[in-house]
Amino acid sequence: MGDVLAGFQTVWEFDTDSVLIRFERGIRTPKLFQALGERRVPYEALSAVELAPGKRGTVVLRAVPRPGADPLMDAADGQLKEAYDPYRLVLPAERESLADYYAEQIRGALGPDAATPSETHLVAAPSPPMSFKAYDGKASFDGKAVSFRWFWTGASSAKWKAGDQRFRVDELSGLEWCSPESKGSAGTAAKEGTPKEGSAKPGSPKGGAPKSGNHGHLRLVERSAEDRPAGRPDQDPAAVVFGMGYGLVHQSLPFAAAVLEAIRAAAPAPCSDGAPAPARSPAQRRDPADIADRIRHLGELHTAGLLTDDEFSAKKAELLAEL
């Protein structure tokens, strides 16, 4: 098509096989849009296009992604507020006829599998390396593994006893992202249901999740623990908890999308009967400086009476064995 349709905070540039969605920068532009910058969406990644009246004299043109086509939307799992939906283009009402024209053009370009879920990601997730600060720790992703490093102020004693965590993407089957801005996200209980395959008190180490304001979490699901009941995110070493001001949507959701894309890419291919499973690469060794810092923190916990002598000795031995 080769045309451009400019709306409020968002511009769609149409190509023969895709639409480039660019997000403007500005104080009124949602931070999620600013973090994304732009996204190229192939028409084969879409299932439909909708046009509906908006608020205050506007119309809304919205592309509907196919389930499984966009790791960002798969990770969000329907929790994004309407204003944060990257597939919405808000236009003045007087441009409704033009919007309807482009809606028909996109419908005509949809792929033959538009009505079915996609087996592969067709829209790229943000690229690693990435990191963000949650309430109880720092989450980092280098493209091959996710690391959680706990904070002295925020992390529960259960997480401190477990120690900092590192998860290779080939050991994960999915993740669960719970928005800190979702209705009902103030509780610490895990969301009901099973995460999708390849999908989805301040000042005290005993505190766990923040007690004021809503909060969400990012939980990783290991293949070896798929059948294990999920516990409270603030007690689960495979999860980080978001407090207000920590790990908000524009930080944690792109992170979750990047991890989800890597998990699907690393998923083992189906093997024929009797064929050996693909070999896994050996785990990388930890940084000695990181080990020393971790032992120092364990010593502080031990001195504070949060770890017994046996727990401290056992965990110290585990860390030293990783050198």
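Residues numbered from 1 in each chain as written. Predicted model: local features only at pLDDT ≥ 70, side-chain atom pairs only at ≥ 80, totals over all residues. Heavy atoms only, no water.

1. So, the overall build of the protein chain
Looking only at helices and strands, the protein chain features seven helices and 14 strands. Expressed as a percentage of the 323 residues in the protein chain, the buried residues total 46%. (Helix = DSSP H or I, 4+ residues; strand = E, 2+ residues; numbered from the N terminus. Buried < 20%, exposed > 50% of the residue type's maximum accessible area, 1.4 Å probe, protein only.)

2. Some details on the confidence of the model for the protein chain
Within the protein chain, residue pLDDT values average 84, and 81% of them lie at 70 or more. In this model, residues 276-284 is a region of pLDDT below 50 whose contacts with residues beyond four sequence positions or in other chains number eleven contacts. (pLDDT = per-residue confidence, 0-100. Contact = heavy atoms within 4.5 Å.)

3. Some remarks on the nonpolar core
One finds Trp12, Leu175, Trp177, Leu218, Leu253 and Phe255 to be the most contacted residues of the largest nonpolar core, which totals 69 residues. The element best represented in this core is helix α5 (residues 249-266), accounting for ten residues. (Core = buried A, V, L, I, M, F, W, Y, C linked by side-chain atoms within 4.5 Å.)

4. Some remarks on the side chain of serine 18
Within the secondary structure layout, serine 18 lies in strand β3 (residues 18-23). What makes serine 18 buried here is its relative accessible area of 3%. In terms of polar contacts, serine 18 uses its side chain to reach the side chain of aspartate 17, at 3.4 Å. Sequence-distant contacts of serine 18, defined by excluding residues within four places in its chain, comprise Glu13, Arg40, Val41, Pro42 and Tyr43. (Polar contact = N/O pair within 3.5 Å; in protein donor to acceptor, adjacent residues only side chain to side chain.)

5. Quick notes on the sheet that holds strand β5 (residues 46-53)
Strand order in the open sheet formed by three strands is β5-β6-β7, and the pairing between neighbours is antiparallel. Because the sheet does not close on itself, it has two edges, and the strands there are β5 and β7 (88-92). Within this sheet the neighbouring strands show an average axis-to-axis angle of 15 degrees, counted without direction. Where helix α3 (residues 96-109) meets the sheet, its contacts fall on β5, β6 (58-65) and β7, and the angle it forms with β5 comes to roughly 165 degrees. (Pairing = 2+ DSSP bridges. Axes fitted to C-alpha atoms, helices over the stretch in contact; angles between N-to-C directions.)

6. Regarding the sheet that holds strand β8 (residues 130-133)
Reading across from one edge, β8-β9-β10-β11 is the order of the four strands in this open sheet, with antiparallel pairing throughout. A strand with exactly one partner marks an edge of an open sheet, and here the two such strands are β8 and β11 (165-168). With strand direction ignored, the average angle separating the axes of adjacent strands in the sheet is 10 degrees. Judged from the four bridges that link them, strand β10 (residues 145-150) and β11 form a sheet pairing that is antiparallel. Bridged to phenylalanine 148 within β11 is glutamine 165. Running over the sheet, α5 touches β8, β9 (137-141) and β10 and is turned about 140 degrees from β8.

7. Focus on the side chain of arginine 88
As for its placement among the helices and strands, arginine 88 is situated in strand β7. Note on arginine 88: relative accessible area 15%, which makes it buried. At a separation of 3.4 Å, a polar atom in the side chain of arginine 88 contacts the main-chain carbonyl oxygen of glutamate 82.

8. Topic: the layout of surface pockets
Taken as a whole, the largest pocket holds about 690 Å³ of empty space. Around the largest pocket, the lining comprises 21 residues; the ones closest to its centre are Phe8, Gln9, Thr58, Arg88 and Val90. The element that contributes the greatest number of residues to the lining of the largest pocket is β5, accounting for four residues. Its residues placed into classes, the lining of the largest pocket shows nine nonpolar, four polar and eight charged. (1 Å grid on protein atoms, 1.4 Å probe; cavity = no way out; pocket = protein on both sides within 12 Å on 5 of 7 lines; lining within 4 Å. Points joined across faces, edges and corners; volume = space filled by probe spheres on them. Nonpolar A, V, L, I, M, F, W, Y, C, P; charged D, E, K, R; others polar.)

9. Here we look at α5
When the terminal C-alpha atoms of α5 are compared, their 25 Å separation across 18 residues agrees well with the 26 Å that a helix rising 1.5 Å per residue should span. Listing the buried residues of α5 in full gives Val249, Ser252, Leu253, Pro254, Phe255, Ala256, Ala257, Ala258, Val259, Leu260, Ala262 and Ile263. (Expected span 1.5 Å × (residues − 1).)

10. Observations regarding the pattern of salt bridges
Going through the model one piece at a time under the given rule, you end up with eleven salt bridges. We note a salt bridge from arginine 62 to aspartate 85, for which the minimum N-O separation is 2.6 Å. One end of the pair, arginine 62, is in strand β6; the other, aspartate 85, is in the loop between α2 (71-76) and β7, and 23 residues separate them in sequence. Between aspartate 170 and arginine 168 there is a salt bridge whose closest N-O contact spans 3.1 Å. Using a relative accessible area of 18% as the deciding quantity, one classes aspartate 170 as buried. On the basis of relative accessible area, arginine 168 is assigned to the buried category, the value being 12%. (Salt bridge = Lys/Arg side-chain N within 4 Å of Asp/Glu carboxyl O.)

11. Description of the pairing of β3
Burial runs high along β3: five of the six residues are buried. Sheet topology note: the strand β2 (residues 10-14)/β3 ladder contains five bridges and is antiparallel. For threonine 10, the partnering residue across the bridge sits in β3 and is phenylalanine 23. Count of turn residues in the β2/β3 antiparallel hairpin: three residues.

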